[in-house]
Amino acid sequence: MHLGLIGFGNIARGIVDGLCGACAPEVERLTLLISEGQTAAIDAAFPEAARRQFADISIVERCDALLAAGPDLIVECAGQNAVRDSVPAVLRAGVDVIVVSIGALADPVLYEELRAAATDGGARLILPAGAVGGIDILKALQIGGDVTVRYRGTKPPAAWAGTPAAAQCDLAALSAPTTVFSGDARAAATQFPKNANVAATLALAGAGFTATSVELVADPSAPGNLHEFTIESELATVSVQIANRPSSGNAKTSQTTIYSVLRAIEHQAGIIVI
Ligand SMILES: NC(=O)c1ccc[n+]([C@@H]2O[C@H](COP(=O)([O-])OP(=O)(O)OC[C@H]3O[C@@H](n4cnc5c(N)ncnc54)[C@H](O)[C@@H]3O)[C@@H](O)[C@H]2O)c1
């Protein structure tokens, strides 16, 4: 497979490391789309083990160059702006995209633009479970009828730096769990674009953005990034609790997100998939 990656930050580096592992999906070629002016620095810092792993590695700074390279599949792991700037063109060109910055889909205009681009290009927009689990049963129950979903995301105070939470309280001085947001998934994904991807994922798989209740908590004693949600439906009652370790490169990002993307890549390439 020839894989394209949009962004080369924490998640993309983890994906490249993961692709060098024994159980990884088979990727022979890699093309990276990175921010302008970064090629020399990223090329110099590219891990040696990965250089040996892939038959060809290209770095480009424009979306048209990424498409010209002809990747079979592209993973967006750059941020909500990159979803806006690059993903519609990729879909229109007929290339499937795994979008990691899922919170971007809380914007109904962008959501419709992506749907239209995928339809025009005959491509698929693939939304991985990311940092959370249980999306399989949530989507199944949603197909079966109405679902009520309540989500609480808890992270250590440092993970809320640079978000509206920092204006509400002195994050460094917190001594008890403090709710920094309470509302629906659309507001959560809009106000906390780097911390509410899970809320958006649950909304997209389940009851939608306005009907999904979200509470975001800063907790100085949180053991990691905690994702808890309940689903009520006529078919089942479900409780999920996941304690993720934050990734070493970005405290806002759970380490498991990287492996969820590797699973999504495997789903595209595999013959028997689970
Ligand atoms: N779905 C989930 O559950 C989930 C979980 C964690 C993170 N995320 C999201 O994944 C995304 C990436 O997370 P990360 O931890 O790797 O972040 P990061 O900041 O470590 O890396 C992002 C990289 O993308 C680059 N970039 C930004 N805009 C770009 C553009 N237009 N084109 C090319 N490169 C660009 C940045 O320079 C940076 O190197 C974020 O949007 C984050 O919110 C989703």
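The written sequence of each chain sets the order in which its residues are numbered from 1. Note on the predicted model: pLDDT of at least 70 is required for a residue's local features to be given, and 80 or more for side-chain atom pairs to be given and counted; whole-chain, interface and lining totals, by contrast, use all residues. Hydrogens are left out, water is left out, and the side-chain values use all remaining heavy atoms of the structure.

Student: Before we move on, can you summarise the packing of helix H5 (residues 80–92) against helix H6 (residues 108–121) with the specific residues and values?
Tutor: The N-to-C vectors of H5 and H6 enclose an angle of 20°; their axes lie 7 Å apart at closest approach. In this view, H5 runs roughly parallel relative to H6, as classed from their interaxial angle. For the pair H5 and H6, the contacting residues are Val 83, Arg 84, Val 87, Pro 88, Leu 91 and Arg 92 in the first and Leu 110, Glu 113, Leu 114, Ala 117, Ala 118, Asp 120 and Gly 121 in the second. Residue polarity follows a fixed list, in which Ala, Val, Leu, Ile, Met, Phe, Trp, Tyr, Cys and Pro are nonpolar, Asp, Glu, Lys and Arg are charged, and the others, Gly among them, are polar. Class assignment for the residues of the contact of H5 with H6 results in 8 nonpolar, 1 polar and 4 charged. Angles shown run from 0 to 180 degrees and are taken between the N-to-C directions of axes, each axis being a line fitted to C-alpha atoms and, for helices, limited to the stretch in contact. Strands are runs of DSSP state E lasting at least two residues, helices are runs of H or I lasting at least four, and both sets are numbered from the N terminus onward. Orientation categories follow fixed angle ranges, with anything under 35 degrees roughly parallel, anything over 145 roughly antiparallel, 65 to 115 roughly perpendicular, and all other angles oblique. By definition in these notes, contact holds between two residues if any of their heavy atoms fall within 4.5 Å.

Student: Explain the domain arrangement of the protein to me, using residue names and the numbers behind them.
Tutor: Parsing the protein into structural domains produces domain 1 (2–127) and domain 2 (135–253). Domain delimitation in this document rests on an assignment produced automatically or drawn from a domain database. Taking the mean C-alpha position of each, domain 1 and domain 2 sit 25 Å from one another. The interface is formed by 12 residues belonging to domain 1 together with 13 residues belonging to domain 2. With both chains or domains summed, domain 1 and domain 2 bury close to 840 Å², and 62% of this area falls on carbon and sulfur atoms. Two parts lose some accessible area (1.4 Å probe) when they are put together, and adding that loss for both gives the buried area. For the domain 1 face of the interface with domain 2, the top three residues by lost area are Asn 10, Ile 102 and Ala 106, together amounting to 54%.

Student: Which residues make up helix H11 (residues 256–269), and what values go with them?
Tutor: Across its 14 residues, H11 extends 20 Å between first and last C-alpha, which sits within 8% of the 20 Å expected from 1.5 Å per residue. On its buried side, H11 packs onto strand E1 (2–6), helix H1 (10–19), strand E4 (73–76), strand E5 (96–99) and strand E13 (250–254). In a helix, the anticipated span is given by 1.5 Å times the number of residues less one.

Student: Would you mind going over the side chain of His 2 in detail, with residue names and values included?
Tutor: Among the structural elements, His 2 can be located in strand E1. Any pair of nitrogen or oxygen atoms within 3.5 Å is treated as a polar contact; in protein, a donor-acceptor pairing is required on top of that, and neighbouring residues in sequence qualify only through side-chain atoms on both sides. At a separation of 2.7 Å, a polar atom in the side chain of His 2 contacts the side chain of Thr 31. For His 2, the contacting residues outside a window of four places in its chain are Arg 29, Leu 30, Thr 31, Ala 69, Gly 70, Pro 71, Asp 72 and Leu 73.

Student: Which residues make up the UniProt feature "domain: Aspartate/homoserine dehydrogenase NAD-binding" (unreviewed entry) in the protein, and what values do they have?
Tutor: UniProt positions are given in the numbering used here, feature names are shortened, and annotations may be inferred rather than shown by experiment. Within the UniProt annotation, "domain: Aspartate/homoserine dehydrogenase NAD-binding" (unreviewed entry) is assigned to residues 7–128. Helix makes up 46% of residues 7–128 and strand 16%, whereas the separation of the span's terminal C-alpha atoms amounts to 17 Å.

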